[in-house]
Every structure is written in C-alpha cells, then in structure tokens.
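# Reading the structure
Here's the letter readout for the chains.
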Amino acid sequence: MSKERSCFMENTKKRSFSAIQPSGTITLGNYLGAIRNWVTLQNEFECIFAIADLHTITVRQDPSVFRKNSIQLLSMLLATGIDPEKSLLFCQSHVHQHAELAWVLNCFTQMGELSRMTQFKDKSAKHANNVNAGLFTYPALMAADILLYKPDVVPVGEDQKQHLELTRDIASRFNNAYSETFVVPEPYIVKAGSKIMSLQNPNAKMSKSDENVNGFIAMTDTEDVIIRKFKKAITDSDSVIEYREGKDGINNLLSIYSVVTGKTIEESVKEFDGKGYGDFKLAVGEAVASHLKPIQQRYEYFIKNKDYVTEIYSKSAEIAGKIAESTLRKVYKKIGFLQK
Ligand code: TYM
C-alpha cells in the first residue's frame, strides 16, 4: 500500500465519498456535474469512489454488456484523472458491507420517504413492467454506500440532492436512536455544471439512458460526432445569445461552454455578442471536443490495460472493506446483535 493510501485507515484528512452507476455510456453530464469535481477534490480530501453496480441491477442488465460497461467506466474514471495513488476506486459489489448496511438502513427508512423520491417516480414510470423492490429501496443502499465511510462531503450533481437529504435524515435518525455513530455528510454540489440538460430537450437532464443519442454527449464521442450533436441542439426561435429565463437551450449551451473553457457565463455571453446561433453551437462543440481529447487518449490506454485496472479496483476494495467493516461492527453492536 502506498504512503498516501495507508492514511485511509488513520482518517487524518477530511473525507469524500461518491459513486456512479455502470449503466451505459458515461456522459458529459456525469463528467461536468460530478466527476470533474471528484478529480479536484483529490487534492484536499481523502477520496473514496465506487462504481455502484448493485444499484444498476434495479434495471435488468445483459451480463456481458454489464461487465463491459463496468470496465469501461472504471477506465474512464482513471482517464478523467482519478488518481489511484491518492484515492480508492472500487466496485460496490466487491465490498459486501454495502448490502449488509443497506438492510439495516432499510429498517430506518419509511415507506413514505421512499415514495417521495423523484428518481423512483421517474424510473418506475420508465420501466413500468419492472417496478421491483430494489428500485424502491435504492436510496437506503445509497445511504449505506455513503455512511459506511463517514465522509464529510458527497460530490454529486443536482439530481442526487434529494437522495442525499434522505441519507442525512437516516443518519440522524440512527444517531438519535442509539448514539453518535454516523457522520451526517454535506452534499457537495458545484453550481456550474450541476445540471446539464439534454441537447434535444433542454427541460430534461442529459442522461446516458436517453434513447435519442443526439440528446447526450458520450465521453467517447469523436470530434465529428460531438460537433454534429451540438449543431443539432435544440435552442429557441430567438437569435440573441444571452443567459436568461425562458432560454433553456441557450442557457445549457452557455453553461457547458463556460465550464469546459473556464470562462464565466458573462465572459462567454460577451464573446458571442452579435454572433448567430450557428457559430455559437459550433464553438461549443469544438470547445467540448478539445476538452475531451486528452481524456479520450488516456482512456484508450486504460481500456487496453485491463490487468492494471483490475489491480486498482481489487486493491481499493480490500482497503474499503476494512473501513466498511469497522463501521458495520459498530452499527451491529449498537443495535444489540450478539458479538461473534
Ligand atoms: P448516476 O450514475 O446517475 O450519475 C453519477 C453522477 O453524475 C451526476 N449527473 C449529472 N450531473 C449534471 N448533469 C447531469 N445531466 C447529470 N447526470 C448525472 C449525478 O448527479 C451523479 O453525481 N445514485 C447515483 C449513484 C450512487 C451514489 C451513491 C452517488 C450510488 N451510491 C452514493 C453518491 C453517493 C446515480 O445513479 O448516479
């Protein structure tokens, strides 16, 4: 274990935990809303990241596609800059304590709370022929993922805020029923990029499960494809590039442009003063393509080095398992289960 990694057991730095589902292509929305922040947090925090593969089976998966998606996601996370010398990166299914704590937390979560989750409502409408119990209790597993590691912050996009609020409620409920056990974590949501919308429907979030491939930018899309998708982006019948209510399509493109170029929204608006939508869309496409290019080059390297990726997630799971086990033992003891 490297020096940096050994500190995970000592808990000397502030800690961050987050996860992402291997449910398909990873999108620009995932990257700008969450992963980009995971990368920068590594300088300040002790970071623990997981691919949430247990969550993914709430929707039926083809085993071979699922395996491929998982290895591609791990490779992409490394390519974006998740540094295995500093952070842990593992598969949720490799650390059995996630499922065990989830059971306990299910018993501290109310049906009413779960019924109010917008993600449950959306997903059960979308997969009406498979509204399984896992889809309903999904947030208790997510709370377990987080609370096992006692993180101070959880970096996510805007759409996960409701789940994090529920996690905080569950943690406080357990702490009040027994005694201080869990850290009540803070959501870490950076406003810029926290809600990237579909390029084909600026009122819906950009999603990897979108059936319309023109709605999202995949992290592996080529320059030509990226530019084509931005050219086709839905905007409005107006012709002025400004950030204001009612201009959802343009607002989304301005947000994307400003995050990938590091410019403010005001600077971006000024830059396109007097220009048409066509020029603007092309510029956004080019800026995104050039931002993603080095990431795509690193991805090519990792995807060809599966053994290296396997070694990283295996070693990380070993360390994560030790932290998780220590939390789970405390929880079991407080509940009153007999000690082994
Ligand atoms: P998932 O896999 O849907 O998304 C991973 C991360 O990407 C963010 N995100 C977005 N941000 C901005 N704009 C978008 N269009 C966009 N789409 C996705 C999400 O907010 C998320 O941060 N339930 C989680 C995975 C999970 C998890 C956890 C997260 C499981 N356990 C514990 C945090 C902590 C999910 O399905 O994210």
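This is a predicted model, so every value here is computed, not measured.

### Here's the deal with the overall build of the protein
- In terms of helices and strands, the protein carries 14 helices and five strands.
- Scaling as 2.2 N^0.38, a compact globule of 340 residues should have a C-alpha radius of gyration of about 20 Å, and the protein matches this with 21 Å.
- Oriented by its inertia axes, the alpha-carbon framework of the protein measures out at about 70 × 45 × 40 Å.
- Across the 340 residues that make up the protein, the buried fraction comes to 51%.
- Contacts in the protein between residues at least 24 apart in sequence constitute 76% of all its contacts with a sequence separation of at least 6.
- Just so you have it, the protein exposes about 16100 Å², and 52% of that area is on carbon and sulfur atoms.

### Focus on the domain arrangement of the protein
- Domain assignment breaks the protein into domain 1 (3–193 + 306–335) and domain 2 (213–299).
- Centre-to-centre separation of domain 1 and domain 2, based on C-alpha positions: 30 Å.
- Listed by partner, the interface residues are 14 residues for domain 1 and 15 residues for domain 2.
- Between domain 1 and domain 2, a total of about 1300 Å² is buried, with carbon and sulfur atoms accounting for 77% of that surface.
- A per-residue breakdown of the area domain 1 buries against domain 2 is headed by Leu28, Met76 and Ala79, which together make up 42% of the total.
- At the junction of domain 1 with domain 2, the criterion picks out zero salt bridges.

### Observations regarding the pairing of strand 3 (residues 88–91)
- Side-chain alternation along strand 3 places Leu88 and Phe90 on one buried face and Leu89 and Cys91 on a second face that is also buried.
- Examined bridge by bridge, strand 2 (residues 46–51) and strand 3 share four bridges and lie parallel to one another. Paired with alanine 50 across the two strands is phenylalanine 90, which belongs to strand 3.

### Description of the environment of threonine 220
- Among the secondary structure elements, threonine 220 is positioned in the loop between strand 5 (186–188) and helix 10 (223–231).
- Leave out the neighbours within four places in its chain, and threonine 220 touches Thr25, Met76, Gln296 and Tyr299.

### Remarks on the pairing of strand 2
- Along strand 2, six of the six residues are buried, which leaves the element largely enclosed by surrounding structure.
- Because side chains alternate across strand 2, one face comprises the buried residues Glu46, Ile48 and Ala50, and the other comprises Cys47, Phe49 and Ile51, equally buried.
- Relative to strand 2, strand 1 (residues 15–20) runs parallel, the two being bridged by six bridges. Across the sheet, residue serine 18 finds its bridge partner in strand 2, namely phenylalanine 49.
- Regarding the hand of the β-α-β motif, the stretch spanning strand 1, helix 2 (residues 28–41) and strand 2 is right-handed.

### Description of the site of the ligand
- Near the ligand, the surroundings consist of 27 residues, among which Gln21, Tyr138, Asp145, Asp159 and Ile196 are the closest.
- The separation between a nitrogen atom of the ligand and a polar main-chain atom of isoleucine 196 is 2.7 Å.
- Taking lysine 208, its side chain carries an N or O atom lying 3.2 Å from an oxygen atom of the ligand.
- When the ligand sits alone it has 710 Å² of accessible area, and the protein chains cover 97% of it.
- Those elements that place two or more of their residues in the shell around the ligand are strand 1, helix 2 and helix 8 (133–147).
- Class assignment of the residues belonging to the shell around the ligand gives a composition of twelve nonpolar, ten polar and five charged.

Definitions and limits used
Residues numbered from 1 in each chain as written. Predicted model: local features only at pLDDT ≥ 70, side-chain atom pairs only at ≥ 80, totals over all residues. Heavy atoms only, no water. Helix = DSSP H or I, 4+ residues; strand = E, 2+ residues; numbered from the N terminus. Rg over C-alpha atoms; globule rule 2.2 N^0.38 Å. Buried < 20%, exposed > 50% of the residue type's maximum accessible area, 1.4 Å probe, protein only. Contact = heavy atoms within 4.5 Å. Areas by Shrake-Rupley, 256 points an atom, 1.4 Å probe, with all protein chains shown as cover. Domains from an automatic or database assignment. Buried area = accessible area lost by both parts, 1.4 Å probe. Salt bridge = Lys/Arg side-chain N within 4 Å of Asp/Glu carboxyl O. Pairing = 2+ DSSP bridges. Right-handed = clockwise from strand over helix to strand, strands pointing away. Near = heavy atom within 4 Å. Polar contact = N/O pair within 3.5 Å; in protein donor to acceptor, adjacent residues only side chain to side chain. Nonpolar A, V, L, I, M, F, W, Y, C, P; charged D, E, K, R; others polar.

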